[in-house]
Amino acid sequence: VRARQAQLQYCYADVGLTANPALAGSVSVTVTLDAAGAVSEVKVTNRTWNGAGVAEAEGCILQRVRAWAFPASSKPGAESYNFSFIFNR
């Protein structure tokens, strides 16, 4: 996830701040992976920011995370992980 943090920073800086130059706060996402390591679901589970730019930034974040691939798991079935990100200028 850390290796892909620049993608999320893009969502904040180039998408969210374009809509709202004062946008700042945190967002938590839950990512569900299938056994092969593909993202099967991603959703925002908590946020501290609000107002203009939030929907745009979060939409971008969700789109980016859906495209990620993780190592396959030795466990059968889906696994979920929570990640929190803080964005400020």
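Thresholds, definitions, all that
- Residues numbered from 1 in each chain as written.
- Predicted model: local features only at pLDDT ≥ 70, side-chain atom pairs only at ≥ 80, totals over all residues.
- Heavy atoms only, no water.
- Core = buried A, V, L, I, M, F, W, Y, C linked by side-chain atoms within 4.5 Å.
- Buried < 20%, exposed > 50% of the residue type's maximum accessible area, 1.4 Å probe, protein only.
- Helix = DSSP H or I, 4+ residues; strand = E, 2+ residues; numbered from the N terminus.
- Contact = heavy atoms within 4.5 Å.

Trainee: I'd like to hear about the nonpolar core, residue by residue, with values.
Mentor: Counting 22 residues, the largest nonpolar core has Trp49, Ile61 and Phe87 as its most contacted members. Residue assignment for this core shows that the elements contributing at least two residues are helix H1 (5-19), strand E1 (25-33), strand E2 (39-47), helix H2 (54-66) and strand E3 (79-87). Sequence-distant contacts of Phe87, defined by excluding residues within four places in its chain, comprise Leu8, Gln9, Tyr12, Ala24, Gly25, Val27, Trp49 and Ile61.

Trainee: Quick rundown of the environment of Thr32? Include the residues and the values.
Mentor: With respect to the secondary-structure elements, Thr32 resides in strand E1. Judged by its relative accessible area of 12%, Thr32 is buried. C-alpha separation for the pair Thr32 and Trp68, spaced 36 residues apart in sequence, amounts to 11 Å. Residues within four places of Thr32 in sequence aside, it is in contact with Ala38, Val39, Ser40, Glu41, Ala78, Glu79 and Ser80.

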